[in-house]
Amino acid sequence: MYQTINCPMEKNALREYESIPAFRAELTKYGCDGLETVWSGEPVPDDLPTELIVGYHLTFYPDWLDFYREDTAALIRKFGSIQTAKQFYGCQGREGLMDQYRADLERASSLNARYVVFHVSDVSLEEGYTYRWLHTHEEVIDASAEIINDLLGSRNWPFEFLVENQWWPGLTFTEPKLTERLLNSIHYKKTGIMLDTGHLMNTCPSLRTQAEGAAYIQKMLRQHGSLARAIRGVHLHQSLSGQYVQTHTGKLPEDLPEDYIARFSKNYSHILQIDRHQPWTDPAICPILEQIHPEYLTHELAAGSLAQRMDAVKIQASTLKCGGFTIAHFSGL
């Protein structure tokens, strides 16, 4: 099993450490093998320790389906104008979006990533507040499969392609028939699931404790039966935001800006209140990891700096050790 931390691919990401060997030693201290990285939009830093890259999170837009379909009316309603939409996505339409994905796949391949992660979800800014969906799970799943098959083609890419669950329309890992629909629609043989534990918890706003969250994840695994064997990796974190969701969703806030970019900025802080990315402190998650036996485990934790992220990793690693998670081998705890 490979253990990683999430870390953006930007030149300042590792500046907090005096050297790459010092950073590598910090990773080893908590049983981690390397990084799951994501492109930040700038050239790949020359000093990026590419040998530490295990996973690669592909570029994603939360709200992409209408742009991919080139639905002019929907885009004008959401962005105010087609020009604003093009500025936001940085391209002209469907083919421009596909070119971005293609470039990202080539980048992942050149970095020798063992796996890539792709979000299968679609949600607009307004839906993130109202929780009234504009597209069905089936629409998002079918369009995602179409994109994936187009991108990967018949080429023998060097990585596994892992689809990640969200709590928006698409792959939620709460409905086995939909999970099966997605997996059966993707032609690439090295396809699997990256199960995000916090995102799965976000699908059930009634959860109030980590123990309840672990029981809920276990319930979803049981319901999926043999489909759960497709899980190749785990994004490990916990998210107990149900009280916030029940209080702050159902309608648009009165002070939501008209300008799309200002609206996007306000929405970002709202999403962070829902998707907490906090470390597990209850070992109830350990039997679940033992059951899944993931090939890849990413400590995907929120932090304001890399040092703070490593502090969060220490907490989560300690929880796994206390819970007797025997797949991993931690030192220095």
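Just above, that's the structure.
What counts, and where the lines are drawn
Residues numbered from 1 in each chain as written. Predicted model: local features only at pLDDT ≥ 70, side-chain atom pairs only at ≥ 80, totals over all residues. Heavy atoms only, no water. Phe/Tyr/Trp six-rings, centres within 6.5 Å; stacked < 30°, edge-to-face > 60°. Helix = DSSP H or I, 4+ residues; strand = E, 2+ residues; numbered from the N terminus. Buried < 20%, exposed > 50% of the residue type's maximum accessible area, 1.4 Å probe, protein only. Lys NZ or Arg CZ within 6 Å of the ring centre and 35° of its normal. Pairing = 2+ DSSP bridges. Axes fitted to C-alpha atoms, helices over the stretch in contact; angles between N-to-C directions. Contact = heavy atoms within 4.5 Å.

*Asks:* In this structure, what is going on with the packing of aromatic side chains? I would like to understand it.
*Replies:* Describing an aromatic ring pair means giving the distance of the ring centres and the angle of the ring planes. If you walk through the whole model with that rule in mind, you get 20 aromatic pairs. Ring geometry for Tyr61 versus Tyr89: centroids 5.0 Å apart, planes at 65 degrees, classification edge-to-face. Residue Tyr61 is found in the loop between β3 (53-57) and α2 (65-69), and its partner Tyr89 is found in helix α4 (residues 82-89); the two are separated by 28 residues along the sequence. Residue Tyr61 is classed as buried on the basis of its relative accessible area of 15%. Since its relative accessible area comes to 1%, Tyr89 is described here as buried. With a centroid separation of 6.1 Å and 70 degrees between ring planes, the pair formed by Trp64 and Tyr68 is classed as edge-to-face. Of the residues examined, Trp64 reaches a relative accessible area of 3% and is grouped as buried. A residue is classified by how much of its surface remains accessible, and Tyr68, at 5% relative accessible area, is buried. The structure contains a cluster of three or more aromatic residues connected by ring pairs, namely Tyr61, Phe67, Phe79, Phe88, Tyr89, Tyr260 and Phe264. Residue placement shows Arg94 over the ring face of Tyr68; its charged tip is 4.6 Å from the ring centre. Sitting above the plane of the Trp157 ring, Arg155 keeps its charged end 3.7 Å from the centroid.

*Asks:* Just checking my understanding: could you explain the sheet that holds strand β2 (residues 34-39) for this structure?
*Replies:* As a general point, the strands of a sheet are linked pairwise by backbone hydrogen bonds and lie either parallel or antiparallel. Read around the barrel, eight strands follow the order β1-β2-β3-β4-β5-β6-β7-β8 and close on themselves; strand pairing throughout is parallel. Direction aside, neighbouring strands of the sheet carry axes that sit 30 degrees apart on average. Bridging between strand β4 (residues 115-119) and strand β5 (residues 160-164) involves five bridges; their strand directions are parallel. Along β5, the bridge assignment pairs Val117 with Leu162. Of the strands in this sheet, β2, β3 and β4 touch helix α5 (residues 94-110), which is tilted by about 175 degrees from β3.

Bear in mind that shape data such as this cannot, by itself, settle questions of function.
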